[in-house]
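Survey of secondary and tertiary structure
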Amino acid sequence: MTYVIGIDVGTSSVRGALVTKSGEVVKVFVQPITTWNPKANFYQQSTNEIWSVCSIIIKHLISDVSPREVKGIGFDATSSMVVLDSKGNPVSVNPGDNDEQNVMLWMDHRAEEETKFINKTKHPVLKYVGGKISVEMMAPKILWLKKNNPECWKKAAYFLSLPDFMTYRATGEEHRSLCSLVCDCNFQHFPDDSYWCEEFFDVIGLADLADENFKKVGNVVIKPGELCGKLTAKAALETGLLSGTPVSSALIDAHAGGLGVMGCSAEHVSPDFTTRLAMICGTSACHMAQTKKEIQVPGVWGPFYNIMVPDLWLLKGGQSVSGRLIDHIIDTHPASIQIKQKCVDKHITQYLNDLLYEKAKKQNLTSIDELTKDIHIWPDFHGNRSPVADQELRGMINGLTLAHDEEDLAIRYLATIQALAYGTKHIIDAMIEAGHNVIQSVILCGGVSKNKVYVNTHANAIGLQVLIPEETESVLLGAAMLGASVAGFYENLQQAIREMAGPAKHVKPHADVRSYHDKKYQVFLEMLNHQKLIRSIMELET
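I will try to describe carefully the structure that is included in this document.

Details of the layout of surface pockets
By volume, the largest pocket amounts to about 970 Å³. Around the largest pocket sit 39 residues that line it, and Cys281, Gly282, Thr283, Gly446 and Gly447 are the ones nearest its centre. Elements with a contribution of two residues or more to the lining of the largest pocket: strand S2 (13–20), helix H10 (253–262), strand S16 (276–281), strand S17 (285–291), helix H11 (323–331) and helix H16 (474–487). The greatest single-element share of the lining of the largest pocket, amounting to four residues, is contributed by H11. Classifying every residue of the lining of the largest pocket gives twelve nonpolar, 17 polar and ten charged. Empty space within the second largest pocket amounts to approximately 280 Å³. Along its surface, the second largest pocket is lined by Thr115, Lys116, Asn119, Lys120, Lys132, Ala389, Asp390, Gln391, Glu392 and Arg535. With four residues, the top contributor of residues to the lining of the second largest pocket is helix H2 (residues 112–120). Counted by class, the lining of the second largest pocket contains one nonpolar, three polar and six charged residues.

A short note on the sheet that holds strand S8 (residues 158–161)
Strand order in the open sheet made by the four strands is S4-S7-S6-S8, with antiparallel pairing throughout. Both outer strands of the open sheet, strand S4 (44–45) and S8, are each paired with one neighbouring strand and no more. Pairing of strand S6 (residues 81–84) with S8 involves four bridges; the strand directions are antiparallel. For leucine 84, the partnering residue across the bridge sits in S8 and is tyrosine 158.

A look at the state of the cysteines
If you walk through the whole model with that rule in mind, you get zero disulfides. Cysteine 185 provides the cysteine sulfur closest to cysteine 152, a residue in no disulfide bond, and the two sulfurs are 15 Å apart. There is no disulfide at cysteine 228, and the cysteine sulfur nearest it, in cysteine 179, is 13 Å away. Residue cysteine 228 is classed as buried on the basis of its relative accessible area, which comes to 4%.

What to know about a nonpolar patch on the surface
Side chains of Leu533, Ile534, Ile537, Met538 and Leu540 sit close together on the surface and give an oily, nonpolar patch of about 550 Å² of accessible area. Examined against the element boundaries, leucine 533 turns out to sit in helix H18 (residues 514–538). Taking relative accessible area as the criterion, leucine 533 reaches 48% and is therefore assigned partly exposed.

Thresholds applied
Residues numbered from 1 in each chain as written. Predicted model: local features only at pLDDT ≥ 70, side-chain atom pairs only at ≥ 80, totals over all residues. Heavy atoms only, no water. 1 Å grid on protein atoms, 1.4 Å probe; cavity = no way out; pocket = protein on both sides within 12 Å on 5 of 7 lines; lining within 4 Å. Points joined across faces, edges and corners; volume = space filled by probe spheres on them. Helix = DSSP H or I, 4+ residues; strand = E, 2+ residues; numbered from the N terminus. Nonpolar A, V, L, I, M, F, W, Y, C, P; charged D, E, K, R; others polar. Pairing = 2+ DSSP bridges. Disulfide = S-S within 2.5 Å. Buried < 20%, exposed > 50% of the residue type's maximum accessible area, 1.4 Å probe, protein only. Patch = residues over 30% accessible without salt bridge, like charges linked within 9 Å, V, L, I, M, F, W, Y side chains within 5 Å. Areas by Shrake-Rupley, 256 points an atom, 1.4 Å probe, with all protein chains shown as cover. Salt bridge = Lys/Arg side-chain N within 4 Å of Asp/Glu carboxyl O.

Right under this line is the structure:
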């Protein structure tokens with residue numbers, strides 16, 4: 001047997017998988033990593049810890065096989081920013097903190113003012129991020145460090161995305177992945193040209209980055225599935241693998257998930273990538289659609305060329321919180337503690353799902369969906385990523401009562417899931433309005449896609465069939481596809497996508513609740529208008 005390894009560095013853990021050439025996930029191992037939250041909006045991690053955990057995971061994965069049987073490695077990670085000095089050592093991203101904390105997590109929003117400043121420039125580069133740069137991207141974060149952490153700015157020799165740190169640590173190569181640079185760093189890439197826009201960085205006050213041909217942010221760029229380098233002797237000793245094992249260019253975690261699901265097959269479902277929306281659902285959610293031509297969608301990142309599926313443009317929407325919002329609604333409700341105390345062998349979401357089905361049955365309702373008639377939620381508790389692209393938006397709940405029992409929690413929980421589904425519909429509508437092909441199916445993967453209510457709600461609320469890949473480890477599978485590409489298992493990455501993705505089951509929308517969701521979606525959009533109105537009133541001078 002021969003294998004590849006896929007490594008996924010998520011928000012709260014590192015995960016690894018041993019995968020066969022055909023895409024069978026043989027073994028999975030997971031270990032937690034630490035996130036520090038020293039101040040509001042500050043979220044920090046340590047690359048030393050992340051690599052140490054990665055090494056432990058790889059040793060565990062190959063404990064029953066020969067290292068010679070591992071023919072390639074693929075990495076993905078969150079779109080977080082790493083700072084290193086000239087020797088590759090960590091540099092603190094927070095004044096006065098230990099240098100170990102050298103990662104600004106993707107969800108770190110300390111650079112809100114810098115984001116506003118960059119967006120006010122209305123520079124043409126911004127049209128490839130939906131017209132507005134996100135606080136989650138690297139330019140605002142780097143600008144914050146320059147303004148607020150002079151010690152870090154002085155010591156910093158490299159600013160790189162976490163996916164690129166993983167390949168750097170594995171191979172010693174300073175190569176950057178096209179995915180990371182285009183999606184997070186405003187690198188300009190088109191079918192016939194690629195470049196850093198020096199004028200953009202000059203305008204926003206980061207002209208220094210152009211020194212030595214943009215060495216600090218990367219000047220050797222490689223495409224997904226291309227060879228980044230080979231495992232160094234040091235990395236081989238740390239992981240138990242063989243020195244010289246091929247390592248692929250990395251992907252952002254959501255893009256690895258998109259890669260892992262985009263090629264899945266289902267009966268009577270078009271295999272055309274451009275008819276599908278891939279949704280990677282975890283702490284946050286990413287919504288990825290492929291197009292054959294360049295399409296600009298306000299509030300949606302992209303179009304990005306050739307950064308996930310070869311030779312296609314990617315549109316990338318998203319929600320800053322999704323799984324985390326569901327957890328927040330549950331954990332902050334008074335009934336949550338008592339439910340968790342009696343749910344010894346059942347997850348609280350399963351308990352709430354059962355409660356919803358029982359309540360709907362007692363009321364003779366067509367579907368549990370109708371239980372939320374009197375409660376409506378706007379889900380942007382951590383700002384809106386797409387398609388409004390407004391980090392200052394906040395969550396809203398309309399229809400609260402004095403109730404605080406289990407049924408009240410169950411209905412709020414369901415209303416939250418519905419709100420997230422309407423957010424997805426909002427993104428799809430924006431894409432179609434801008435000229436995207438009609439999307440025929442939504443592919444769900446990630447932790448919350450295992451929740452039956454979440455899946456059915458999305459099918460019903462969006463009005464499209466939902467595909468659920470049989471291989472649940474979609475992100476790890478996507479990382480493994482990268483490894484398979486450099487291992488030489490397939491001619492190219494596109495063939496690996498087709499051959500390794502596997503089958504999917506599909507869930508069709510419930511026609512009887514179509515008009516119900518149409519009305520709730522109308523309320524959803526009105527809540528956005530009301531929030532904007534409230535903000536404008538409060539900003540009036542007195």
